[in-house]
Amino acid sequence: MKNALVISGGGSKGAFAVGVVKDLMNLYELDFDVLVGTSTGALIVPLVALGEMEKLEQLYTTVTDEQILVKYNIGQRLNAHSIFTAGPLSDKIDALYTDDYFKRLQQSGKEIYLTTTCLQTEELVVFTTAQNPVESSYYKVRKIISADQFRRAVLASASQPVFMPPVKVNKTVPGEPFPEHQFVDGGVREYAGLGIATDAGANEIFTIIHSAKSIKQDNAEQTSLFSILEKTISVFITDVAANDLYGPLHYNQGLSYISKVKQKMKSLGVKDEDIEAYFNIDMLPGAYQNKEPLKIHLIQPEGDLGGGPGGLVFNPIEMKGMVLKGQLALQSYVAHLNKDEIDWA
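Residues numbered from 1 in each chain as written. Predicted model: local features only at pLDDT ≥ 70, side-chain atom pairs only at ≥ 80, totals over all residues. Heavy atoms only, no water.

(A) Highlighting the overall build of the chain. Summing up its helical and strand segments, the chain has 10 helices and 8 strands in all. Here the chain, with 345 residues, has 49% of them falling under the buried criterion. Sequence separation of 24 or more characterises 72% of the internal contacts of the chain that already satisfy a separation of 6 or more. In the structure as shown, the chain presents an accessible area of about 17100 Å², 53% of it carried by carbon and sulfur atoms. (Helix = DSSP H or I, 4+ residues; strand = E, 2+ residues; numbered from the N terminus. Buried < 20%, exposed > 50% of the residue type's maximum accessible area, 1.4 Å probe, protein only. Contact = heavy atoms within 4.5 Å. Areas by Shrake-Rupley, 256 points an atom, 1.4 Å probe, with all protein chains shown as cover.)

Next comes the structure, spelled out in structure tokens:
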């Protein structure tokens, strides 16, 4: 059995995920073999992998805007890569994920997947520490070969385009044919990497989403270029999140349906070998063939967490509240599970 943790993007809203993971690990003593992070999730999962929960909670409850971004007036940056610069965030990543930390990650056997989007190819590119990652027709997989490339991949995944500058992840990779290619937030293509965890062979997947289940209508007129841009990105993120979840969840529903049909056929006296013969077509193998339903847990806030559009406002008091909301959301989720779904609880 392989457990996976999937954490979506969301900037400062990542404090919600910290609250969820804190209790998953401390109360339920869960461990994860596969960890998939997008944007703020890419900052979180490497710390989760080695159990650095105190360091993670401190990071997501103490940082301020100035410790993550250098903010400018949009008029000053019309010919620049981005409205803000991310030097402070880059410094934090360098301090957190040292060469020694990366070596420990490699030795741990944990499979880390960091999602990015390449501006030149427009591909979803997943950087991973996995020794034998599965190739995909939907995204490109790149094995991480150095600590520097790892740090660059984390920064790229967290870099919201327009607001933050793109990152040349493969700049220092020996023999790299396109070292100048630029990478940004994986959330442009994949807000939550549920499908990546499935491809990695996970059987039980804990997915944490930062977008709200219900969106509160905002009737205020958007009167500035910057506010319209922020609002548009917020709408985009909500749409991408819904689409990312739709495919994997419906695929799993299909697997569950086939499993129940097989159980019913068996209860009616059909032999196991005959049941398998009905569902296995050698000449036309399909995505549902010889696959078992997955256990997918989705933890998501009921309402907006705050943190501003895209989670680009880092307010320690507000983020401490998000951690608590994550803990409460997990408690509520566990309370509504059926008995056969809570062997880990």
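(B) Inspection of the side chain of His 297 at higher detail. Inspection of the secondary structure puts His 297 in strand S8 (residues 295-299). Separated by 2.8 Å, the side chains of His 297 and Tyr 333 make a polar contact. (Polar contact = N/O pair within 3.5 Å; in protein donor to acceptor, adjacent residues only side chain to side chain.)

(C) View of helix H1 (residues 14-26). The terminal C-alpha atoms of H1 lie 18 Å apart, and with 13 residues this matches the ideal 18 Å at 1.5 Å per residue to within 8%. Within H1, 11 of the 13 residues are buried, leaving the element largely enclosed by the surrounding structure. Residues Gly 14, Ala 15, Phe 16, Ala 17, Val 18, Gly 19, Val 20, Val 21, Asp 23, Leu 24 and Met 25 constitute the buried set of H1. Looking at the buried residues of H1, the elements they touch are strand S1 (3-7), helix H2 (40-49), helix H3 (53-62), strand S7 (204-208), S8 and helix H10 (316-335). (Expected span 1.5 Å × (residues − 1).)

(D) Just the pairing of S1, in detail. Taken across its 5 residues, S1 has 5 buried, putting it largely inside the fold. Of the two faces of S1, both are covered, the one formed by Asn 3, Leu 5 and Ile 7 as well as the one formed by Ala 4 and Val 6. The pairing of S1 with S7 spans 5 bridges and is parallel. Bridging across to S7, Leu 5 finds its partner in Phe 206. Viewed along the sheet, the connection from S1 through H1 into strand S2 (residues 34-38) turns out right-handed. (Pairing = 2+ DSSP bridges. Right-handed = clockwise from strand over helix to strand, strands pointing away.)

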